[in-house]
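The lines below spell out each chain.
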Amino acid sequence: MSYTLNDKIKNLIPYEPISGEYSIRLDANECTLNYDSEFMKTVDDVIHNLDFNRYPDPLCIELRKSFADFYGINYKNVTVGNGSDELIFLIESAFMKKGEKLLVTNPDFSMYEFYSSITENPCVKFNKNEDLNIDVDKLISTVNSENIGVLIFSNPCNPTGHGITKAEAEKLIKSVNCLVVLDEAYMDFWGEENSLIKDVNNYDNLIVFRTASKALGSAALRLGFAVANETVTRAISAVKSPYNVNSFSQAIGSKLYKNKEFLNNRIKTIVENTKKLYNELVRLSKLTDDFYVYKTKTNFVFVKTSFSKELWEFLKSKSIAIRCMGDYVRITSGTDEEINAVINAVEKFISER
Ligand code: PMP
């Protein structure tokens, strides 16, 4: 008897964003602030009152209600996932028929394409313009001529930091016959006026994703949200595994979204810090003609430079982790101290090379 792994999985390696210990982690677009001691008391309380012997609420009612209330939508339009990562996999595997095509934009969040290789759906890549923006008319005609089943992209985008306007997104959704998944993981930083989260009932082909991993600062809880009309929501809810979100994450997430002032203040701080990081990087870009800084609508800044790898290695040697992607680096915004440390190190690297 013998068993061999199939071709699609036999050479895969488990996801590990970065190995090693770093004193400053600006590589994963997380929120670099943890919760204060007051909130940690609430966490203790939740743990002590948790029914560990019981399965979690499969419908996540409390959490959906507080999430929906924060964004001013109806909780009946919301499904919760074990991070948006689970939702991406779920939508691609359940909403695409055998052989149906996925379309992703390039560059974009790499997991969209990865999961399609597991579900064995062909993935069509639509290249962005030289300036990393999306030509929406061209995208519409590609989706229609390629007979796409699902179009998924992040808005604003990880890694570029750019976004298409609400009017452009609306035009796109109305002009294609496929399901459109708008991953708004970073929309908290750009502003709700650019989001389609409140408009899902106007469309039968739209799913909007949000996550608790970025602005809310709860990447550890693994909470992702799919917002769609009730028909689509019923389908997502029916295909997910019943107890996909654990009781602890449901309880803490629900408390966090109820604290609107805290969340709004946190968003404001992160946006201000990102502006500072952007402005400082722009200042450094004047020291060399090989360091182009892209504008950002997110909590990170994307930079094009041919010395990306050397810079990444140099920062690692200073115990600072950022993300290197080919000829680009992506730096997550952190606290004032973290920004100062990364800027000083980048400045040293550029002026000494
Ligand atoms: N979408 C985008 C665009 C992301 O950048 C990320 C995380 N880096 C995710 C989804 C995954 O988020 P989550 O932590 O909710 O799984």
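Residues numbered from 1 in each chain as written. Predicted model: local features only at pLDDT ≥ 70, side-chain atom pairs only at ≥ 80, totals over all residues. Heavy atoms only, no water.

Peer 1: I'm lost on the pattern of salt bridges in this one. Help?
Peer 2: Opposite charge on two side chains permits them to pair, given that their charged atoms come into close proximity. All told, the structure shown has 19 salt bridges when counted by the stated rule. One salt bridge connects K8 with E120, and the closest N-O pair in it is separated by 2.9 Å. Taken together, the positions of K8 in helix 1 (residues 7–10) and E120 in the loop between helix 5 (111–119) and strand 4 (123–127) put the pair 112 residues apart, joining distant regions of the chain. Exposure remark for K8: the relative accessible area of 29% places this residue in the partly exposed category. Looking at E120, the relative accessible area reads 55%, which means it is exposed. Here the residues in one salt-bridge network are E184, D188, E192 and R210, joined through shared partners. (Salt bridge = Lys/Arg side-chain N within 4 Å of Asp/Glu carboxyl O. Helix = DSSP H or I, 4+ residues; strand = E, 2+ residues; numbered from the N terminus. Buried < 20%, exposed > 50% of the residue type's maximum accessible area, 1.4 Å probe, protein only.)

Peer 1: Would you take a moment to explain the domain arrangement of the protein for this structure?
Peer 2: How big an interface is tends to be reported as the loss of accessible area on association of its parts. When cut into domains, the protein gives domain 1 (18–35 + 262–351) and domain 2 (37–259). Each of domain 1 and domain 2 has a C-alpha centre, and the two are 25 Å apart. Counting across the domain 1 and domain 2 interface gives 0 salt bridges. Linking domain 1 to domain 2 there are 12 residue pairs in polar contact (both at pLDDT 80 or more). Secondary structure elements with two or more residues in the side of domain 1 that touches domain 2: helix 11 (260–285), strand 10 (300–304) and strand 13 (328–332). Looking at which element gives the most residues to the side of domain 1 that touches domain 2, the answer is helix 11, with 7 residues. (Domains from an automatic or database assignment. Polar contact = N/O pair within 3.5 Å; in protein donor to acceptor, adjacent residues only side chain to side chain.)

Peer 1: Sorry if this is basic, but what is going on with the side chain of K214 here?
Peer 2: Counting through the fold element by element, K214 comes out in the loop between strand 7 (206–211) and strand 8 (223–227). Here K214 is buried and forms no salt bridge, its nearest opposite-charge partner E30 lying at an N-O distance of 7.1 Å. Here A28 takes part through its backbone oxygen, which lies 3.4 Å from a polar atom of the side chain of K214. Setting aside residues up to four positions removed in sequence, K214 forms contacts with A28, N29, C31, A185, Y186 and F189. (Lys, Arg positive; Asp, Glu negative; His and termini not counted. Contact = heavy atoms within 4.5 Å.)

Peer 1: What's the story with the packing of aromatic side chains in this structure? I'm lost.
Peer 2: Any pair of aromatic rings gets described here by the distance separating the centres and the angle formed by the planes. Counted by the stated rule, this structure contains 21 aromatic pairs. Between the aromatic rings of F67 and Y257, the centroid separation amounts to 5.3 Å while the plane-to-plane angle is 85°, which identifies the pairing as edge-to-face. Placement of F67 in helix 3 (residues 61–71) and of Y257 in helix 10 (residues 247–258) is noted, with a sequence separation of 190 residues between them. Summarising the burial analysis for this pair, F67 and Y257 share the class buried. Geometrically, the ring pair formed by Y294 and F302 is tilted, given 5.9 Å between the ring centres and 35° between the ring planes. Among the residues examined, Y294 registers a relative accessible area of 6% and is labelled buried. Residue F302 is classed as buried on the basis of its relative accessible area, which comes to 2%. (Phe/Tyr/Trp six-rings, centres within 6.5 Å; stacked < 30°, edge-to-face > 60°.)

Peer 1: I tried to follow the nonpolar core on my own but got confused; where do I start?
Peer 2: F67, L151, L172, F225 and Y257 are the most contacted members of the largest nonpolar core, which totals 58 residues. It is helix 3 that provides the largest number of residues to this core, a total of 5 residues. If you count residues domain by domain, this core takes at least three from each of domain 1 (18–35 + 262–351) and domain 2 (37–259). Core analysis: the second largest hydrophobic core is formed by 29 residues, I24, L277, W312 and V346 among them. (Core = buried A, V, L, I, M, F, W, Y, C linked by side-chain atoms within 4.5 Å.)

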